[in-house]
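# Summary of structural features
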Amino acid sequence: MLLIVSCGGGSGGTPANPCVGVTITVTGTITNASAVGMSNGSIVASASGGSGFTFSFNGGAFQASGNFTGLAAGTYTIAAKNSSGCTGSQSFTVNNNDPCASVSFTVGGTVVTATPCVNPANGSITVTTTGGGSGFTYNINGGAFQASATFTSLAVNTYTMGAKESGGCLKTANVTVSATPPGTLFSAVRAIISNNCTAGGCHSGAAPAGGIDFTIDCNIVANKARIKVRAVDNFGTPQQMPPPPNPGLSLADRTAIVNWINAGGLYSN
Ligand code: HEM
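Now for a description of the structure that goes with this document. Please read all numbers here as calculations on a predicted model, not as lab measurements. (Residues numbered from 1 in each chain as written. Predicted model: local features only at pLDDT ≥ 70, side-chain atom pairs only at ≥ 80, totals over all residues. Heavy atoms only, no water.)

## Notes on the site of the ligand
Quick reminder of the rule: When at least one non-hydrogen atom of a residue lies within 4 Å of a molecule or strand, that residue is treated as near it. Under the rule applied, a polar contact is a pair of N or O atoms within 3.5 Å (in protein, one hydrogen donor and one hydrogen acceptor; residues adjacent in sequence only if both atoms are side-chain atoms). Per the convention used, a helix needs a DSSP run of H or I reaching at least four residues, while a strand needs a run of E reaching at least two, with both numbered from the N terminus.
The full set close to the ligand counts 18 residues, and C202, H203, R226, R230 and M241 are the nearest of them. Separating an oxygen atom of the ligand from a side-chain N or O atom of R226 is a distance of 2.7 Å. At 2.8 Å, a side-chain N or O of R230 approaches an oxygen atom of the ligand. Among the elements that line the shell around the ligand, the one with the most residues is helix α3 (residues 224-233), at four residues.

Spelled out as structure tokens, the structure:
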């Protein structure tokens, strides 16, 4: 684009306008930004129509170099001025490259299941990538990117895991954290309570005894200490569970409760 700036030119002492008949043409080489959100594009501008050119970027101060770097996608105006003060300008559009055009990889995840009834949740996902790419950062459910590929404290759910390599190529995959299956010791205790809670008014239904519904697994885990006190330690006393006149638990059942608690008293034990 030609922009003619008048700098004078009449007889009678008015200095001649050095820009009459001068065409300043600005050209340039554009390097696109490597990906959306990256500010690594550039424009290398040059000009014809004189000498001693200086260059300005978006109306800013003129500088000797025509190189403008660190650009995000967008349209910019570069002006050139020759040693006589004649100027011309050109607008340039920097685009985003498709960062995935030159790299190929797939995303997956190594899962550690989440144990029910544990707070905070203890599931985790370690993002994996297969194929090319390097300098990865990772995110979960579209959140901020981090250097570590491991995301912890995850509950049972499906998560969108992202891996972004150094050039900006982002790929995602849905990864499911499932529940840790019930452990054998816990399963035995759950069965003991269920088998010994057959009488009306026991620990289920709309008005569970003591306000504790033992058909909810996490109530068993949360009340393990009281279960031991009432069903094991209080065995043979009026405070035993099941309460008299119901018979107390068998020795094998009481031992099973103790074994579970000694193993950690978790759903997964
Ligand atoms: C016939 C079966 C059962 C009946 C009718 C029954 C009834 C009750 C009642 C009325 C309470 C509240 C009053 C109290 O604390 O004494 C209670 C609390 C409780 N029961 Fe049972 N129960 C039965 C079986 C069991 C079994 C099999 C277990 C566990 C092995 C159990 C564990 C508990 C615990 C942990 C409490 C909470 C009280 C505390 O924290 O001390 N119960 N039960």
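## A few points about the state of the cysteines
Here is the rule we go by: Any two cysteine sulfur atoms lying within 2.5 Å of each other are counted as a disulfide. Residue exposure (1.4 Å probe, protein chains only): buried if accessible area is under 20% of the type maximum, exposed if over 50%, otherwise partly exposed.
By the definition in use, this model includes three disulfides. Disulfide pairing places C100 opposite C169 at an S-S distance of 2.0 Å. Across the disulfide from C100 to C169, rotation about the S-S bond amounts to roughly 100 degrees, and the bridge is consequently right-handed. Highlighted residues: C100 in the loop between β6 (87-94) and β7 (105-112) and C169 in the loop between β11 (157-164) and β12 (170-177), separated in sequence by 69 residues. Its relative accessible area of 0% is what places C169 among the buried residues. For C117, the disulfide goes to C218, at an S-S distance of 2.1 Å.

## Quick word on the coordination of the iron atom of the ligand
Where we set the bar: Note on donors: an N, O or S atom is included if it sits within 2.8 Å of the metal, or within 3.2 Å for Na, K and Ca, and water is never included, so sites can look incomplete. Donor angles set the geometry label: tetrahedral for four donors if every angle is between 85 and 135 degrees, square planar for four and octahedral for six if opposite donors exceed 155 degrees and the others are between 65 and 115, irregular for anything else.
Every protein donor of the iron atom of the ligand is listed here as H203 (NE2) and M241 (SD), and their distances to the metal cover 2.0 to 2.4 Å. For the iron atom of the ligand, the six donor atoms are set out with angles of 87 to 178 degrees between them, so the coordination reads as octahedral. With H203 in the loop between α1 (184-195) and α2 (217-222) and M241 in the loop between α3 and α4 (251-262), this residue pair connects regions lying 38 residues apart in the sequence. By relative accessible area, which is 14% here, H203 ends up buried. Accessibility expressed as a relative area gives 25% for M241, which makes it partly exposed.

## Observations regarding the packing of aromatic side chains
The description of two aromatic rings rests on the distance between their centres and on the angle between their planes. The line we're drawing: Two rings from Phe, Tyr or Trp (for Trp, the six-membered ring) form a pair when their centres sit within 6.5 Å of each other. Planes less than 30 degrees apart are called stacked, planes more than 60 degrees apart edge-to-face, and all others tilted. Cation placement over rings: the criterion is NZ of Lys or CZ of Arg within 6 Å of the ring centroid and within 35° of the ring normal.
What the rule picks out here adds up to seven aromatic pairs. Their ring planes at 80 degrees and their centres at 4.9 Å tell us that F105 and F136 sit as a pair that is edge-to-face. Taken as a pair, F105 in strand β7 and F136 in the loop between β8 (123-131) and β9 (137-140) lie far apart in primary sequence, 31 residues in all. For the residue pair F105 and F136, the accessibility class agrees, reading buried in each case. Through a chain of ring-to-ring contacts, the aromatic side chains of F57, F68 and Y76 assemble into a single cluster. Above the face of the F145 ring, K164 is positioned so that its terminal group lies 4.2 Å from the ring centre. Above the ring of F105, the side-chain terminus of K171 is found at 5.1 Å from the ring centroid.

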